[in-house]
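# Report on the structure
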Amino acid sequence: MAFPQSATPEDYLAFDAAAVRRRKPIDRVEIDAYLKSIEVHPYYAKMATVKDISMLHVDVLMLLRLFARATRGGILEIGPYIGGSSIGIGSGVRDGGGRPYASVEHGGVEEEIGGTYRDHPFYPSSNIIDDLKKNLAAEGLGSFVSIFPGKSDTPSVVEKVFELFRGSPIELLFIDADGAVDRDMELYRPLIAKNCLLVFDDYTAPGAEEKEQRVRRVVDEEVARGRLESYGVYGWGTWIGRYRG
Ligand SMILES: C[S@@+](CC[C@H](N)C(=O)[O-])C[C@H]1O[C@@H](n2cnc3c(N)ncnc32)[C@H](O)[C@@H]1O
């Protein structure tokens, strides 16, 4: 179903409903049209409140919700922090989207599971994993996500991720962690389905140049090699594309 250029709230509801049944991956033209009048989307005001606990642009949260709805297979998130992105994805899963959905979070700047980030200028947390669980529960989304505390490359976490997605390849991969998207892609490549939607934050990241350089280098190299197809950069610097295998 093509998306109209000047959309009404009803157009959004119809597109979202159809997304749950679709077989064809969402493409760049649809994404760009979807964002054009996104403020009239009936869920936009709600997502704008989720923005209060998320470092992502509300457009990206809305896209995560849409992508999760349109995903038939597994969903892997690396770096939810206190759950802004997880509410975006989880609401799409609840409404009929992909399964299983796992979220890997190591717990904070202090390198400990359940760590703190009390002095974060906008989104402080005294216990990141607890706040993640609380924020998901407050939205009634706790049962739709398996939270794996730990780093994405910790062997016990890798084992759990492989166990969960056995027989259900990843069709939506969202990474918003430490910038090492190459490490995470290599680790989880055997689980990633052809045409998997990829959402990598920090392609542009003012104030976090190291992260930005690494994400950008990996994405640009993979696109040049033909392994990734780029849809573009959305919100405040989130790259979106597709895995070509
Ligand atoms: C920028 S924040 C994520 C923001 C979140 N997605 C949102 O919507 O606001 C990055 C998070 O990634 C986590 N992280 C960093 N490296 C990680 C790794 N290797 N494995 C798992 N989590 C990681 C950090 O603890 C932090 O909570």
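Scroll up to find the structure this text is about.
Residues numbered from 1 in each chain as written. Predicted model: local features only at pLDDT ≥ 70, side-chain atom pairs only at ≥ 80, totals over all residues.

The next point concerns helix 9 (residues 209–224). The end-to-end C-alpha separation of helix 9 is 22 Å, in line with the 22 Å expected for 16 residues at 1.5 Å each. Taken residue by residue, helix 9 has Lys211, Val215, Arg216, Val218, Val219 and Glu222 as its buried positions. Considered in projection along helix 9, the buried side chains sweep an arc of 165° and stay on one side of the axis. Pointing more than 90 degrees away from the buried face of helix 9 are the exposed residues Glu209, Glu210, Glu221 and Ala224. Next to the buried residues of helix 9 lie helix 8 (181–188), strand 5 (192–200), strand 6 (228–234) and strand 7 (238–243). At the exit of helix 9 stands glycine 226, carrying a positive phi of roughly 85°. (Helix = DSSP H or I, 4+ residues; strand = E, 2+ residues; numbered from the N terminus. Expected span 1.5 Å × (residues − 1). Buried ≥ 20, exposed ≤ 12 C-beta atoms within 10 Å, placed from the backbone. Arc of directions from axis to C-beta. Contact = placed C-beta atoms within 7 Å.)

The next thing to look at is the environment of isoleucine 89. Within the secondary structure layout, isoleucine 89 lies in helix 5 (residues 84–94). Accessibility expressed as a C-beta count within 10 Å gives 31 for isoleucine 89, which makes it buried. Sequence-wise, isoleucine 89 and proline 206 are 117 residues apart; in three dimensions their C-alpha atoms are separated by 25 Å. Setting aside residues no more than four positions away along its own chain, isoleucine 89 makes contact with Leu64, Ala68, Ile75, Glu77, Tyr101 and Phe174.

For the ligand, the set of nearby residues contains 20 residues, the closest of which are Gly79, Tyr81, Gly84, Ser85 and Asp178. Among the secondary structure elements, those contributing two or more residues to the shell around the ligand are helix 5 and strand 2 (101–105). Within the shell around the ligand, the residues separate by chemical class into eight nonpolar, eight polar and four charged. (Near = placed C-beta within 6 Å. Nonpolar A, V, L, I, M, F, W, Y, C, P; charged D, E, K, R; others polar.)

Further remarks concern the sheet that holds strand 3 (residues 146–149). Within the open sheet, the seven strands sit side by side as 3-2-1-4-5-7-6. Their pairing is mixed. Looking at the sheet topology across the chains shown, the edges are occupied by strand 3 and strand 6. Across this sheet, the average inter-strand angle for adjacent strands is 15°, counted without regard to direction. One ladder, built from six bridges, connects strand 6 with strand 7; its direction is antiparallel. Note that in strand 7 the partner of glycine 232 across the bridge is isoleucine 240. With respect to the sheet, helix 5 is in contact with strand 1 (74–78), strand 2 and strand 4 (170–175), its orientation differing from that of strand 1 by roughly 170°. (Pairing = 2+ DSSP bridges. Axes fitted to C-alpha atoms, helices over the stretch in contact; angles between N-to-C directions.)

So, about the packing of helix 5 against helix 6 (residues 128–138). Close contact between helix 5 and helix 6 brings their axes to 10 Å; oriented N to C, the two are set at 35°. Here helix 5 and helix 6 pass one another in a crossing that is right-handed. Along the contact surface, helix 5 presents Ser86, Ile87 and Gly90, while helix 6 presents Leu132, Asn135 and Leu136. Considering only residue class, the contact of helix 5 with helix 6 consists of three nonpolar, three polar and no charged. (Left-handed = near helix turned anticlockwise from the far one by under 90°.)

What follows concerns the environment of phenylalanine 200. Take phenylalanine 200: it is sitting in strand 5. The class of phenylalanine 200 is buried, set by 26 C-beta atoms lying within 10 Å. Separated by 19 residues in the primary sequence, phenylalanine 200 and valine 181 place their C-alpha atoms 7.8 Å from one another. The residues touching phenylalanine 200, leaving out its near neighbours within four places in the chain, are Ile175, Val181, Val215, Val219 and Trp239.

With that out of the way, let us pick up unusual backbone geometry. Look at the link from arginine 99 to proline 100: it is a cis peptide, with omega at -10°. Positive phi values are uncommon outside glycine, yet asparagine 195 reaches one of about 75°. Positive phi is not limited to glycine here, since aspartate 202 has a value of about 75°. If you trace the backbone, aspartate 202 turns up in the loop between strand 5 and helix 9. Among the residues examined, aspartate 202 registers 26 C-beta atoms within 10 Å and is labelled buried.

Quick look at the packing of helix 1 (residues 9–21) against helix 4 (residues 58–70) now. Packing of helix 1 against helix 4 leaves a shortest axis separation of 6 Å and a crossing angle of 40°. One finds that helix 1 runs oblique with respect to helix 4. Between helix 1 and helix 4, the residues in contact are Asp16, Ala19 and Val20 and Leu66, Arg69 and Ala70, respectively. Its residues assigned to classes, the contact of helix 1 with helix 4 shows four nonpolar, no polar and two charged. (Parallel < 35°, antiparallel > 145°, perpendicular 65-115°, else oblique.)

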